[in-house]
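This is what each chain is made of:
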Amino acid sequence: MAKAAKTKKRAVPMIVFSRARDIPFNRIRLSDSNVRATDVEAGLDELTQDIERREDLIQGLNVRAIVDADGNETGDFETPAGGRRYRSIARLVEADRFPADGLVPCIVKKADAKTSAVDDSLAENVHRLALHPLDQFHAFRRMVEGGMATEDVAAAYFTTPRYVEQRLRLATVSPKLLEIYAADGMTLAMLEAFTVNPDPARQEQVWEALGQSYNRQPWHIRQALTQTTVPTSDKRARFVGIDAYVAAGGPVLRDLFSEDGSSWLDDVPLLDKLVSDKLKAVADEIAAEGWKWITVDINLPYGHDHGLRALTGTGAELTDEEHATREALREEYDRIEAEYGETDGDLPDEIDQRLGEIEQALEDFENRPVIYDPAEIARAGVFISIDRDGDLVVDRGYVRPEDEASEPVEGAEADGDIGGDDADGDNTVRRTTITIGGDPAEPEEDEGDAIKPLPERLVVELTAHRTLALRNAVAGNPHVAMTALLHRLVLDSFRERSFTGCVEASVRHVYLPAQEADLKDSSPAKAVFEREQAWKADIPFGDDDALWTWLDTLDDASRLALLAHCVSYGINALFERPNPYGGNGVSQSGLEQRLREADRLACATGLDMVDVGWRPTVANYLGRVTKARILEAVSEGAGEQAAQLIDHLKKPEMAKEAERLLADTGWLPEPLRLTADEAAAAPPAEDEEHDLPDFLAGDGVDGPAEPDDGAAQAVAAE
């Protein structure tokens, strides 16, 4: 059988491109083959300005030689592709910005071209791919980084500086999210929302959380990214002022894409400090008026003046000069009203401004300071707060029931006493007691022997420690977690509470509104974080069916561990101020129930705050309570003798020494104890000696207390 002959492969001719050539502009004309015939002047101004700015063409003209009847080239050319550039050059020639015979870079179509002039013109206008917006973001950034001003970039591309700034901001979003946007994994509106927070890690964290949610609206992204911030519309921000906050080093998050220019203050602790400092300055100024107490609170609770007697003062009389000024202002106001009252339309700006000034001055005359009886001031107090617009609110003149003057006993000699403060005839100057947010503004140096209640914020911070420790304990004890969940479900099921939906059992993550700086570094916080990261690495987020399948195939031990972890996030052992008048907040009975259940969980899990690492320090307790409280703590934890060794010290030294004495005693303040522990608490044996460090003993200490016995005196003198 004959062998089949091999088919010889036909050679394909190589492509030869048309050549480039510089041609005088006056030898070129528009071709009738140019397909762009509708609205040919559109965008021509911008293109002409761009060519003039560059003094160059980015792309030359595509031309064909014009031939005579015999097929010979005439030396002239026509351009079927590049008509807009041709028209722009013609404008520059007319404006004497380009010579009529100036050379123009062109691609001269080869004589044996396989396509027609119409084909070339259509191809140039159709075979275009618009630049991806992401590439524009990066291009703007590179131009600005190269030294071009934002305004110059905006002018070059016929847009506004704000538009350029927005694109520059988009270019700063996390590279991971930009890749997702480039792959059409998110919309431009979503990407814009991520720019409100400059932290790439936080942006990625929110994107990961969105994978578990069906709500991916831009407003939801902004809300998540600003969850721990304060909007500039907040009354605290208005009270302090954005300029003062920025001057103190506070960062501001700005949304360049919102119509109203939304922005947020990112450093909330700094803002709160500025608010507190400003309110404290106001309180100090008002304290000079002689009030007995001043209560400062950003949000005074509803009914804060309930049960208090309001003083009735008298308005300050006007001086003769003030009377004359007020009458002159009224006459001027009436004269302007008479002159312009019949005028149609708006008043001239200067007249409108003057009327406003007069109205404000007259209002100030009406709102004269109220004068109170000095004897009443000495027993009364003041409330200082901020209204919803951030304006200062000072409400003077309220007397507490316990500060009312004693009823005179018949036959007794009047001594001018205005209450119980100076019944012993002590004429020393009494300082105004100022509290800010429930905490003393300046703890007194000598509080006496009375044990005062713990400051409210301190109690909140201490219970935040306990809440986090309880969460960690419950998460590590699936049996207790299951019991707690069943307890909740049984109450909901058998007490006939009405809920809708399929399964309404839920856990609401309770955030800790006030916490000490080192809480995040505590062992429970680290354990909770590590456990959460471990579960996140295993759980298949984003697909509800996949999550169900994964949960269904878990072994029982893993299911119980995951259940315990999830239930733990709903643990709330926080103290908060009860609202006695209903409405928002927790009631007194609700708070008591919460703390009782926290005790029960602590007992069930065997939680010991000492075992989880809590120790009393100057920062977290001792430096924030009265001297009497410090001595009480040392007496309970280290013994009465140890307390006597430090009772002569000033508060800063006392707190520091108390921290040393209590370090290994296992002592806990009331908010961290179990109720049963508080009842059974008893001071330890007093046979141990506790030496003071040299810098706290001896002649350098003011006002040493008289020791009870010689042994104590010998120790304190060492």
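Description of the structure in this document. Values in this document were obtained by computation on a predicted structure and should not be read as measured data.

**Comments concerning the overall build of the protein chain**
When helices and strands are tallied, the protein chain shows 27 helices and 16 strands. Going through the 718 residues of the protein chain one by one, you find that 35% of them count as buried. Long-range pairs, those at least 24 residues apart, make up 72% of the contacts in the protein chain with a sequence separation of at least 6. Split by element, the accessible area of the protein chain, about 43600 Å² in all, is 51% carbon and sulfur.

**Examining the sheet that holds strand β7 (residues 252-254)**
With respect to topology, three strands assemble into an open sheet ordered β6-β8-β7, the strand pairing being antiparallel. Of all strands in the sheet, those with a lone pairing partner are β6 (230-231) and β7, marking the two edges. Two elements, β7 and strand β8 (residues 263-265), share three bridges in a ladder whose sense is antiparallel. Residue pairing for β8: R254 is matched across the bridge by S263.

**Comments concerning empty space enclosed by the protein**
By the definition in use, this model includes one cavity of 30 Å³ or more. The set of elements that each furnish at least two residues to the lining of the largest cavity consists of α17 (456-475), α19 (523-538) and α21 (556-568). Broken down by class, the residue content of the lining of the largest cavity amounts to three nonpolar, two polar and two charged.

**With respect to the pattern of salt bridges**
Scanning all chains against the criterion turns up 32 salt bridges. Between E52 and R97 there is a salt bridge, with the nearest N and O atoms lying 2.8 Å from each other. Of this pair, E52 sits in helix α1 (residues 44-54) while R97 sits in the loop between α2 (83-94) and β5 (103-108), and the two are 45 residues apart along the sequence. The exposure class of E52 is partly exposed, given its relative accessible area of 33%. Assessed through its relative accessible area of 43%, R97 is described here as partly exposed. Note that R629 and E670 form a salt bridge whose closest N and O atoms lie 2.7 Å from each other. Pair noted here: R629 is in helix α23 (residues 627-638) and E670 is in the loop between α25 (651-662) and α26 (675-680), with a separation of 41 residues, a long-range link. For R629, a relative accessible area of 9% translates into the label buried.

**Observations concerning the side chain of T467**
Take T467: it is sitting in helix α17. Looking at T467, the relative accessible area reads 0%, which means it is buried. Within the structure, the side chain of T467 is placed 3.1 Å from the backbone nitrogen of A573, a separation counted as a polar contact. Of note is the side chain of T467, whose polar atom sits 3.4 Å from the backbone nitrogen of L574.

**Some words on the sheet that holds strand β2 (residues 28-30)**
Spatially, five strands are ordered β1-β5-β3-β4-β2 in an open sheet, and the strand pairing comes out mixed. At either end of the open sheet lies a strand with only one pairing partner, and these are β1 (19-24) and β2. Between one strand and the next, the sheet's axes are offset by a mean angle of 50 degrees, whatever the strand orientation. Relative to β5, β1 runs antiparallel, the two sharing six bridges. Looking at the pairing, I23 lines up with V104 of β5. On top of the sheet, α2 reaches β2, β3 (61-67), β4 (73-81) and β5; it is set at about 120 degrees to β2, its chief contact. The sheet strands contacting helix α3 (residues 117-126) are β3 and β4, and the helix crosses β4 at an angle near 40 degrees.

**As for the packing of aromatic side chains**
All told, the structure shown has eight aromatic pairs when counted by the stated rule. Taking 5.4 Å as the distance between ring centres and 65 degrees as the angle between the ring planes, the aromatic pair formed by F383 and Y398 counts as edge-to-face. Taken together, the residues span a long stretch of sequence, with F383 in strand β13 (residues 381-386) and Y398 in strand β14 (residues 392-399) at a distance of 15 residues. Among the residues examined, F383 registers a relative accessible area of 5% and is labelled buried. Take Y398: its relative accessible area is 11%, and that puts it in the buried class. An aromatic cluster is present here, built from W293, F383 and Y398 joined pairwise through their rings. Across the ring face of Y157, the terminal group of R53 is positioned such that the distance to the ring centre comes to 5.9 Å. Over the ring of F239 we find K278; its NZ or CZ atom is 4.5 Å from the centre of that ring.

**Some thoughts on the environment of V399**
Position of V399 relative to the elements: it lies in strand β14. Residue V399 is classed as buried on the basis of its relative accessible area, which comes to 0%. As a C-alpha pair, V399 and R379 span 20 residues in sequence and 6.4 Å in three-dimensional space. Sequence-distant contacts of V399, defined by excluding residues within four places in its chain, comprise L308, R309, L311, R379, A380 and E404.

**Some points on the pairing of β13**
The element β13 is extensively covered by neighbouring structure, given that six of its six residues are classed as buried. Burial along β13 is two-sided: G381, F383 and S385 and V382, I384 and I386, pointing in opposite directions, are all buried. Bridge count for strand β9 (residues 293-296) against β13 is four bridges, and the pairing is parallel. Looking at β13, one finds that W293 is bridged to G381.

**Here's the deal with the nonpolar core**
The biggest cluster of nonpolar side chains holds 42 residues, and the ones touching the most others in it are L470, Y621, V634 and I646. Those elements that provide at least two residues to this core are α17, α18 (478-494), α21, α22 (588-605), α23, α24 (640-646) and α25. Sort the elements by how many residues they give to this core and α17 lands first, with seven residues. Other than its neighbours up to four places away in sequence, L470 contacts I571, A573, A598, L601, A602, T605 and L607. One finds V230, Y245, L265 and I286 within the second-largest nonpolar core, a separate group that totals 30 residues.

Procedures and definitions
Residues numbered from 1 in each chain as written. Predicted model: local features only at pLDDT ≥ 70, side-chain atom pairs only at ≥ 80, totals over all residues. Heavy atoms only, no water. Helix = DSSP H or I, 4+ residues; strand = E, 2+ residues; numbered from the N terminus. Buried < 20%, exposed > 50% of the residue type's maximum accessible area, 1.4 Å probe, protein only. Contact = heavy atoms within 4.5 Å. Areas by Shrake-Rupley, 256 points an atom, 1.4 Å probe, with all protein chains shown as cover. Pairing = 2+ DSSP bridges. 1 Å grid on protein atoms, 1.4 Å probe; cavity = no way out; pocket = protein on both sides within 12 Å on 5 of 7 lines; lining within 4 Å. Points joined across faces, edges and corners; volume = space filled by probe spheres on them. Nonpolar A, V, L, I, M, F, W, Y, C, P; charged D, E, K, R; others polar. Salt bridge = Lys/Arg side-chain N within 4 Å of Asp/Glu carboxyl O. Polar contact = N/O pair within 3.5 Å; in protein donor to acceptor, adjacent residues only side chain to side chain. Axes fitted to C-alpha atoms, helices over the stretch in contact; angles between N-to-C directions. Phe/Tyr/Trp six-rings, centres within 6.5 Å; stacked < 30°, edge-to-face > 60°. Lys NZ or Arg CZ within 6 Å of the ring centre and 35° of its normal. Core = buried A, V, L, I, M, F, W, Y, C linked by side-chain atoms within 4.5 Å.

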